[in-house]
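# An overview of the molecular structure
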Amino acid sequence: MAVQPLSARATTIHDIAAVCGVAPSTVSRALSTPERVNFRTRERIQRAAEELNYIPNSQAKALSSGKTGAVAVLVPDITNPFYFDLIRGTQLQLKAAGYTQLLVDTEESDDVEASAIQELRKSADGVIVAASRLSDEALIAASTAMPLVAVNRDVAGVPAVIIDTPSATSQALDHLISLGHRHISYLAGPATSQPSALRWAALSAAAEERGVTVQKLGPYAPKTQSGAAAADAAVHSGASACIVFNDLIAIGMLQRLRERGVRVPEDLSIVGCDDIFGADFCNPPLTTMSSPIEQAGRVAVTMLLARLGPPTAAGSRTRSVMPTHLTVRSSTGVARDAGNVTLGLTTGSLPIAPE
């Protein structure tokens, strides 16, 4: 069947119906529920739709089937390299499943996040929310209103993928203690960040068990620009080492400490978190807690798609914990007042068993 292309306007089911000599309703059924149409008729309609470059209207599809074929991914700051791998992971997994990804930057704002989720109920089948800034109650309400999976936010009743950085924080402390550090500062992230609070809790408990002193400084916005204030506070605290909420703040600290003539790691050791792109390009390269970020995105999509499909055993999974490890580079060294310390390990990765 030779079909002449139509004008530049979008092809409709009425155009396909005219070419095939069938009713528009038959075209609609052939394209949305093909099993309800005779094989020969369906084949003729599908071939005509392809030759006419027919693009289904997603809103019309949503009205007829209740599905949009789209999943939204919400991140607090799209410029933060931590989210690059997460977005890549969700994109690849959604594409493989035939879904379109809608990406939303919520600007580190609970109001923007809440508004976006409300609007997305019309245009997405489900949503993946990374590092949500919503209250527990608001996140539970959002999860009840539409299929939702949270990443790095652990709230009872909300399906979640958790990156186990608290365990890595404890191992970072052990690494610093092995280098002779006894006075350590934690540079906290945003006050509304659950991962920051959990890391501080884990660090405090581990420090008490090991008989060393830790103190919390901050909170700081998770941006490189926060590094200057964080570095000044760390120097003023008298600590010989710091564990920092994320690599962006840590990289900003390295820049500020260099300006002040504070040597890293000779005068102050720095441990970051996330192992973002560029963490190994710093001067000095950054010791950091590495996370399987892309894999977390893939797992979040798998959990969400299980919720969108028929009820199964896989669909009942509501929590997945991703193991992390400490990657040791040159930003950590022997404490300035530790004397001669014998080191068992200077570079490499320290694995942490999954929960």
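Scroll up to find the structure this text is about.
Anyway, here's the lowdown on the structure attached to this text. (Residues numbered from 1 in each chain as written. Predicted model: local features only at pLDDT ≥ 70, side-chain atom pairs only at ≥ 80, totals over all residues. Heavy atoms only, no water.)

## Side note on the overall build of the protein
Looking only at helices and strands, the protein features 12 helices and 13 strands. Expressed as a percentage of the 355 residues in the protein, the buried residues total 49%. Contacts in the protein between residues at least 24 apart in sequence constitute 68% of all its contacts with a sequence separation of at least 6. Accessible area for the protein stands at about 16,700 Å²; split by element, carbon and sulfur atoms hold 52% of it. (Helix = DSSP H or I, 4+ residues; strand = E, 2+ residues; numbered from the N terminus. Buried < 20%, exposed > 50% of the residue type's maximum accessible area, 1.4 Å probe, protein only. Contact = heavy atoms within 4.5 Å. Areas by Shrake-Rupley, 256 points an atom, 1.4 Å probe, with all protein chains shown as cover.)

## Considerations on the pairing of strand β9 (residues 269-274)
Across the 6 residues that make up β9, a large majority, 6, are buried. The pairing of strand β8 (residues 241-244) with β9 spans 3 bridges and is classified as parallel. Residue pairing across strands places Cys 242 opposite Ile 270, the latter belonging to β9. On the question of chirality, the crossover connecting β8 to the parallel β9 by way of helix α11 (residues 247-260) is right-handed. By the bridge criterion, 4 bridges tie β9 to strand β10 (residues 287-290) in an arrangement that is parallel. The residue of β10 that forms the bridge with Asp 274 is Ser 290. (Pairing = 2+ DSSP bridges. Right-handed = clockwise from strand over helix to strand, strands pointing away.)

## Focus: the pattern of salt bridges
Under the criterion given, the structure shown has 14 salt bridges. In this structure, the salt-bridge partner of Asp 174 is Arg 210, at a minimum N-O distance of 2.4 Å. Taken together, the residues Asp 174 in helix α8 (residues 165-178) and Arg 210 in helix α9 (residues 194-210) connect sequence positions 36 residues apart. Connected through salt bridges with shared partners, the residues Asp 232, Arg 256, Glu 259 and Arg 260 form a single ionic network. (Salt bridge = Lys/Arg side-chain N within 4 Å of Asp/Glu carboxyl O.)

## Examining the side chain of Thr 287
Position of Thr 287 among the secondary structure elements: in strand β10. Ignoring any residue separated from it by four or fewer positions in sequence, one finds Thr 287 in contact with His 175, Ile 270, Val 271, Gly 272, Leu 326, Thr 327, Val 328, Arg 329, Ser 330, Ser 331 and Thr 332.

## Some points on the packing of aromatic side chains
Here the structure, examined in full by the defined rule, presents 3 aromatic pairs. Where Phe 82 meets Tyr 83, the ring centres are 5.0 Å apart and the plane angle is 90°; that geometry is what we call edge-to-face. Each member of the pair, Phe 82 together with Tyr 83, is buried. The interplanar angle of 20° and the centroid separation of 6.0 Å between the aromatic rings of Tyr 186 and Trp 200 together place this pair among those described as stacked. Of this pair, Tyr 186 sits in strand β6 (residues 183-187) while Trp 200 sits in helix α9, and the two are 14 residues apart along the sequence. (Phe/Tyr/Trp six-rings, centres within 6.5 Å; stacked < 30°, edge-to-face > 60°.)

## A closer look at the side chain of Asp 164
Within the secondary structure, Asp 164 is located in the loop between β5 (160-163) and α8. It is Arg 319 that comes nearest to the buried, bridge-free Asp 164 among opposite-charge side chains, at 7.3 Å. Excluding its chain neighbours within four sequence positions, the residues that come into contact with Asp 164 are Val 321, Met 322 and Thr 324. (Lys, Arg positive; Asp, Glu negative; His and termini not counted.)

## What about unusual backbone geometry?
The omega angle of the peptide bond from Gly 218 to Pro 219 is 15°, so this bond is cis rather than trans. When you line up the elements, Pro 219 lands in the loop between β7 (213-217) and α10 (227-237). A cis amide bond links Asn 283 with the next residue in sequence, Pro 284, at an omega value of 0°. Tracing the backbone shows Pro 284 in the loop between β9 and β10. In this structure, Asp 275 takes a positive phi of about 55° despite not being glycine. By secondary structure assignment, the location of Asp 275 is in the loop between β9 and β10.

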